Structures are given as structure tokens and as C-alpha cells.
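Summary of the model geometry
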Amino acid sequence: MLETIAAAYSGFIGSISNYLYTYILIVLLVAGGIYFTVRTKFVQFRFLPESIRIVMQPSEDQNSISAFKTLMVSTASRVGTGNIAGISTAICLGGTGAVFWMWVTALLGSATAFVEGTLAQIYKKRAKDGSCYGGPAYYIEQALKQRWLGVLFAVVMILTYMVGFNLVASFNIADSLKAYSFYDPTLTPWIVGIVLAVVFLVCISGGGKQIANITAVLVPVMGVLYLAVTLFVVFTHISLIPAVFASIFHNAFNFQAIFGGFVGSALMQGIKRGLFSNEAGIGAAACAAGSAGVSHPAKQGLVQVLSVFIDTIVVCTATAMLLLCSGVDPTAEAAGMPFVQQAMAGTLGQFGVIFITVALFLFAFTTLLGNFYYAETGLSYLFNQAPSRTAVYVQRAIATVVVCLGATMQLTVVWDTADVLMGLMALINVPVIVLLLKPALRCLDDYIQQKKSGKNPEFKASSIGLKEKVDFWN
């Protein structure tokens with residue numbers, strides 16, 4: 001009975017995923033990214049150095065977390081299993097050209113991330129302790145006066161991060177152990193799931209600020225170590241780089257292959273895995289952006305640009321080069337961690353297999369924590385920042401069970417579930433930020449003018465003629 005239900009669900013969720021990304025999301029995300037890039041006059045390229053400068057500044061509000069910590073929270077969710085197993089899956093199923101379309105998704109999505117991050121700051125709310133919080137649900141309610149739509153977004157966001165994304169993270173941790181002799185397909189996933197769930201529950205019991213503190217330490221450490229090893233592998237195979245790039249660009253524009261089998265094409269896989277990795281446009285990273293203490297909303301918008309850049313252009317590219325320089329041929333059967341482990345074994349031997357397993361665990365675990373942070377913000381919105389103890393405990397219990405079960409599920413089921421839920425978030429958020437683009441553009445212009453005057457930009461709602469009443473910036 002359970003097997004029949006699982007098979008039916010697998011077919012159902014796979015069909016929805018293919019339809020969404022074939023007919024709707026590919027147009028929405030690419031067209032939206034182009035639109036925001038043009039309207040912001042290529043903000044993601046013009047202000048990248050400024051983004052780096054801003055993120056090194058301390059918090060300008062003692063009651064709120066710093067831009068650096070919000071970067072780490074949003075990067076903890078962005079930089080995760082999608083950067084290792086996700087890249088492997090895209091290349092194995094879509095070919096090397098998928099890497100190019102991931103780059104395109106990230107570069108265009110950076111402008112989208114700027115807009116949603118800036119809007120989250122403009123419309124952020126003040127908590128009783130003086131700190132701030134925000135995100136799409138709040139700018140939907142305040143600017144569009146549509147509480148029901150904000151509720152819908154919050155519910156979908158909770159499902160996406162607490163269920164969809166955390167199923168993927170948990171699955172990939174268990175999947176990484178298949179390379180070891182002790183792995184028992186009937187027992188090991190359950191052991192991994194239970195242990196992971198217990199450790200996860202201990203960490204989330206500290207709440208949002210505890211998550212920010214944990215990720216602020218783990219994300220930089222794991223990122224530096226992972227990049228160091230991938231760069232070592234790439235430099236020891238430097239002669240292969242020209243052929244790798246040639247393969248990426250050649251296959252990216254193999255339109256006969258793309259339109260002959262669109263669902264498994266480089267274009268489709270690149271956009272799916274690119275969106276899963278950098279999350280630009282789905283709105284959740286704006287929740288972290290809304291909790292930062294900055295003097296001007298555009299500052300946090302630029303921090304979100306940097307987060308997308310780090311995730312895809314740096315970390316995803318490093319993984320792609322590691323895989324494609326290894327000499328191991330990608331196959332559909334090796335999609336996910338098996339291809340990554342084969343590539344590491346071929347270049348660094350058993351050390352490489354162990355290292356990538358540890359790296360995947362750290363990436364995935366911080367993803368679990370960052371994801372739950374977003375689920376918490378969604379619950380807070382539903383209860384007007386005062387969820388009952390029962391609601392909090394129920395959410396933590398469900399999240400813990402999801403982490404446990406994710407380790408025991410199938411690759412296609414967890415990825416398709418995450419893709420569909422993520423796509424639903426984008427379907428709500430992207431049209432909303434198109435409607436609310438003008439305040440973000442005026443905010444960017446105000447920031448630029450103050451910078452030209454030699455000031456540290458400080459924002460006032462009246463300076464952009466904001467009609468809605470806001471908790472800050474008055």
C-alpha cells in the first residue's frame with residue numbers, strides 16, 4: 001500500500017515539476033531577471049565592490065543583527081547541497097551546458113535579489129525588543145494591502161524550507177555514505193536520519209539568533225576549506241580548463257538537444273538547479289535581509305547581490321570545475337553525490353571521498369539550520385509575531401521528523417518536491433516585486449546620490465515619497 005502511494009506521489013510531483021519549469025517558470029524567472037537588470041541599470045555589476053565593502057561594516061542598529069550575519073544566514077541556505085549534489089545532478093542529467101545556464105540564472109537573479117532585499121528593508125517591522133524583521137509577506141501586506149496573499153506566501157515558504165529543501169539536504173547527507181563499505185541500504189539511511197534529526201533539534205531549540213550565530217562560524221570555515229580543495233584539484237588539471245569551458249558553451253547552445261528533450265535539457269537543468277542553489281526571486285532570503293540593522297535599505301539589497309554571487313559564480317563554478325576536470329564521465333546513474341565522490345576519488349583518492357563527505361555534511365547541515373530560520377519567520381508572520389508555544393513546538397517536531405524521513409527517500413522525489421514548492425514561491429513573489437519595483441528604484445537612486453555627495457547614506461521614507469506607513473525610516 002505504502003509503495004503504491006509513494007509511486008503515485010512520485011509520478012504526480014514529477015509531472016507538476018516538469019510542467020511548471022517547461023511552460024511557466026522559465027519565462028517568469030528569465031524575463032523577470034532581465035527586466036530587473038535593465039531597470040536597475042545592471043546594479044549587480046556596477047555595485048559588486050560596494051557590496052563587499054558594506055558587508056564588512058558592523059551593525060548600524062545595536063538591536064539588530066549585522067549585514068555580515070544576515071549574509072551568512074542567507075548564504076547558509078543558498079550555499080548547501082545545491083552547490084555540490086545539485087551541480088552534479090544538473091551535469092549528469094542536462095550535460096555540461098547546464099553550468100552556463102546556472103551562470104545566467106545567477107547573474108540575472110542577482111538583480112532580482114537586490115530588489116527583494118531592498119523592499120524587505122523598506123517595509124521591515126519593529127519588534128518589541130527594538131530589533132527588526134521583514135520579508136515578502138510583510139511587503140505584500142503593507143504595500144499591496146493583501147493580507148491573504150501574505151498568508152499564502154508564508155504558508156508556501158514554510159512548506160518549501162521546512163519540508164522541500166530540508167528533505168533534499170537530509171537525503172544528500174545519507175546519499176553521500178553509499179560510497180562506504182558499511183552502508184546498508186535498509187538500515188543506514190534510518191540511522192543517519194535519526195542522528196541528524198536529534199542534532200538538528202538541539203540546534204534549532206535556540207531560535208533564530210542562535211541559528212545566526214552558528215552559521216556565522218560554520219559557513220566561512222566550510223566555504224574556505226571546500227574552495228581550497230576544489231582549487232587544488234583544478235590547478236593540478238589546469239590543462240583541461242580550455243576544453244571544459246569549450247564543452248560548457250558548446251552544449252549550452254545545442255538547441256537541437258534542448259528542444260528535442262526539453263525536460264532533461266541543459267537549459268532546464270541549469271535553471272532548476274541554479275534557482276535551487278541561489279534562490280533569487282523566491283523571496284525567502286529577503287526574510288534574512290529584513291532583519292539587518294543598516295542605515296539604508298539599498299545596502300542590504302547589495303548584500304543580497306553578493307550572496308547570490310558567492311553561491312553560484314564562486315562555489316557552484318568551483319564544483320563544476322572540480323567535476324569536469326576529474327576525467328570521470330557524468331552519467332544519469334551517478335547523478336548526485338556518487339558522481340562527486342567518483343570525481344574526488346579519481347583525483348585525491350580515499351582522502352577526497354572522505355573530505356567531500358564531510359564537506360557535504362557541513363554544507364547540508366548549515367542549510368538545514370538556515371532553512372528552518374525561514375520557516376520560523378513564516379510562522380511568526382502567521383501569528384503576528386506571537387506564535388504560541390504549542391505552534392512553535394509543533395513546527396519544531398514536524399521539521400525534525402522531515403529531517404529524519406528525508407534521509408530515507410528517493411532522489412527524484414525529494415528534488416521534485418523541492419522544485420515544485422520553490423516554484424510556487426517564485427510564482428507569488430516575482431509578480432509582487434514587479435508591482436513594487438518603483439520604491440526599490442527610488443531607494444537605489446537616493447543611495448547613489450548620497451554616495452556621490454560623500455555621505456554614508458541614511459534613508460528617510462519621505463525622500464522617495466513613500467505613501468505607506470512604515471515602522472522605520474520616518
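Within each chain, residue numbers correspond to sequence positions counted from 1 in written order. Where totals are concerned, whole chains, interfaces and linings use all residues; where local detail is concerned, this predicted model gives features only for residues with pLDDT of at least 70, and gives and counts side-chain atom pairs only at 80 or more. Only hydrogens and water are removed before side-chain values are computed, so all heavy atoms of the structure are retained for them.

**Looking at the overall build of the protein chain**
Scanning the protein chain for helices and strands turns up 19 helices and two strands. The cut-offs for exposure are 20% and 50% of the maximum accessible area for each residue type, with area from a 1.4 Å probe on protein chains only; residues under the lower value are buried, those over the upper are exposed, and the others partly exposed. Sorting the 474 residues of the protein chain into buried and exposed places 61% on the buried side. Taking as baseline every contact in the protein chain between residues at least 6 positions apart, the subset at least 24 positions apart corresponds to 85%. The helix count covers DSSP runs of H or I at least four residues long, the strand count covers runs of E at least two residues long, and both are numbered beginning at the N terminus. Between two residues, a contact is recorded if the distance between any of their heavy atoms is within 4.5 Å.

**Overview of the packing of aromatic side chains**
What describes a pair of aromatic rings is the distance from one ring centre to the other and the angle between the planes of the rings. Here the aromatic set is Phe, Tyr and Trp, taking the six-membered ring for Trp, and pairing holds for ring centres within 6.5 Å; pairs whose planes are under 30 degrees apart are stacked, those over 60 apart are edge-to-face, and all others are tilted. For the coordinates displayed, the defined rule picks out 17 aromatic pairs. Seen in terms of ring centroids, tyrosine 161 and tyrosine 374 are 5.0 Å apart; in terms of plane orientation they differ by 75°. Their pairing is edge-to-face. Of this pair, tyrosine 161 sits in helix α8 (residues 147-175) while tyrosine 374 is found in helix α16 (residues 337-382), placing the two residues 213 residues apart along the sequence. The exposure class assigned to tyrosine 161 is buried, which follows from its relative accessible area of 0%. Its relative accessible area of 0% is what places tyrosine 374 among the buried residues. Ring pairing ties together the aromatic residues Phe100, Trp101, Trp103, Phe245 and Phe249, which thus form one cluster. The residue whose ring lies beneath lysine 124 is phenylalanine 472, and the NZ or CZ to ring-centre distance is 4.7 Å. Over the face of the ring belonging to phenylalanine 472 we find arginine 126, whose NZ or CZ atom lies 3.9 Å from the ring centre. Counting as a charge over the ring demands two things of the Lys NZ or Arg CZ atom: a distance within 6 Å of the ring centre and an angle within 35 degrees of the ring normal.

**Some words on the nonpolar core**
To form a nonpolar core, buried Ala, Val, Leu, Ile, Met, Phe, Trp, Tyr and Cys residues must be joined to one another through side-chain atoms within 4.5 Å. If you look at the biggest cluster of nonpolar residues, it comprises 151 residues, and the most contacted ones within it are Tyr139, Phe200 and Tyr226. Here this core takes 21 residues from α16, the largest share from any one element. Those residues in contact with tyrosine 226, other than ones at most four positions away along the chain, are Asn83, Ile84, Val315, Thr319, Leu322, Phe355, Ile356, Ala359 and Phe363.

**Here's the deal with the confidence of the model for the protein chain**
Confidence in the prediction for the protein chain averages 83 pLDDT; 88% of positions are at 70 or higher. pLDDT measures how confident the predictor is about each residue, on a scale from 0 to 100. The least confident element of the protein chain, judged by mean pLDDT, is helix α12 (residues 255-260) at 47; the most confident is helix α17 (residues 389-406) at 94. Here residues 256-263 scores under 50 on pLDDT; set against residues more than four positions off or in separate chains, the count is 15 contacts.

**Things to note about the pattern of salt bridges**
What counts as a salt bridge is simple: a side-chain nitrogen of Lys or Arg found within 4 Å of a carboxyl oxygen of Asp or Glu. Per the stated rule, a full pass over the model turns up five salt bridges. For arginine 147, the salt bridge identified is with glutamate 141, shortest N-O distance 3.3 Å. Residue arginine 147 is classed as partly exposed on the basis of its relative accessible area, which comes to 28%. With a closest N to O distance of 3.1 Å, aspartate 175 and lysine 178 form a salt bridge. Judged by relative accessible area, which is 4%, aspartate 175 ranks as buried. One continuous salt-bridge network, built from bridges that share partners, spans Glu50, Arg53 and Lys451.

**Observations concerning a nonpolar patch on the surface**
A residue counts toward a patch only above 30% relative accessible area and without a salt bridge, and it is joined to like-charged neighbours within 9 Å or, for Val, Leu, Ile, Met, Phe, Trp and Tyr, to nonpolar neighbours within 5 Å. We get accessible surface area from the Shrake-Rupley algorithm with a probe of 1.4 Å; when it comes to residues, only the shown protein chains can shield them. Where nonpolar side chains cluster on the molecular surface, the patch consists of Trp190, Ile194, Val198, Val202, Val401 and Leu405 and spans about 560 Å² of accessible area. Among the elements of the structure, α9 (188-204) and α17 are those that each provide at least two residues to the nonpolar patch. In terms of residue count, the dominant contributor to the nonpolar patch is α9 (four residues). For isoleucine 194, a relative accessible area of 49% puts it in the partly exposed group.

**Some thoughts on empty space enclosed by the protein**
Put simply, the grid is 1 Å and covers the protein atoms alone, a cavity is a trapped set of points that fit a 1.4 Å probe, a pocket is an open set with protein on both sides within 12 Å along at least five of seven lines, and lining residues have an atom within 4 Å of a point. Grid points are joined across faces, edges and corners, and a volume is the space filled by probe spheres set on the points. Throughout the structure, instances matching the rule amount to four cavities of 30 Å³ or more. Taken as a whole, the largest cavity spans an internal volume of roughly 120 Å³. Lining the largest cavity are 14 residues, and of these Leu29, Val30, Thr105, Gly109 and Ala280 sit closest to its centre. All residues other than Ala, Val, Leu, Ile, Met, Phe, Trp, Tyr, Cys, Pro, Asp, Glu, Lys and Arg, Gly among them, are scored as polar; the first ten of these are nonpolar and the last four charged. For the lining of the largest cavity, the residue count by class is eight nonpolar, six polar and no charged.

**Quick notes on the side chain of threonine 417**
Its place among the elements puts threonine 417 in helix α18 (residues 411-435). There is a polar contact of 2.7 Å between the side chain of threonine 417 and the side chain of tyrosine 9. Dropping the residues within four chain positions of it, threonine 417 is found in contact with Tyr9, Ile13, Gly164 and Leu167. A 3.5 Å cut-off defines polar contacts: any pair of N or O atoms within that distance qualifies, except that in protein one atom must be a possible hydrogen donor and the other a possible acceptor, and neighbouring residues in sequence count only when both atoms are side-chain atoms.

**Re unusual backbone geometry**
Backbone geometry at lysine 41 places phi at a positive 55°, although glycine is not the residue there. Its identity as a non-glycine residue notwithstanding, asparagine 384 has a phi of 55°, on the positive side. Relative to the assigned elements, asparagine 384 resides in the loop between α16 and α17. Under the relative-accessibility criterion, asparagine 384 is labelled exposed at 56%.

**Here's the deal with the packing of α16 against α17**
Axes are the key here: two packed helices are described by the angle between their axes and the distance separating the axes. The axes are straight lines fitted to the C-alpha atoms, using for helices just the contacting stretch, and the angles between their N-to-C directions are given from 0 to 180°. Put simply, α16 and α17 touch, their axes get as near as 11 Å, and they point 145° apart. Once α16 is placed against α17, the crossing between them reads as right-handed. Of the residues in α17, those in contact with Leu368, Phe372, Ala375, Glu376 and Leu379 of α16 are Ala391, Val392, Gln395, Arg396, Ala399 and Val403. Residue composition of the contact of α16 with α17, by class: eight nonpolar, one polar and two charged. Left-handed is the label given to a crossing in which the near helix is rotated counterclockwise from the far helix by less than a right angle, and right-handed is the label when the rotation is clockwise.

**Overview of the packing of helix α6 (residues 98-122) against helix α11 (residues 241-252)**
Two elements in contact, α6 and α11, have axes separated by 7 Å at closest approach and are oriented at 80°. Taken together, the axis directions place α6 and α11 in an arrangement best described as roughly perpendicular. On α11, the residues touching Val99, Phe100, Trp101 and Trp103 of α6 are Phe245, Ile248, Phe249 and Ala252. In terms of residue class, the contact of α6 with α11 is made up of eight nonpolar, no polar and no charged. We call two directions roughly parallel when the angle between them is under 35 degrees, roughly antiparallel when it is over 145, roughly perpendicular when it lies between 65 and 115, and oblique otherwise.

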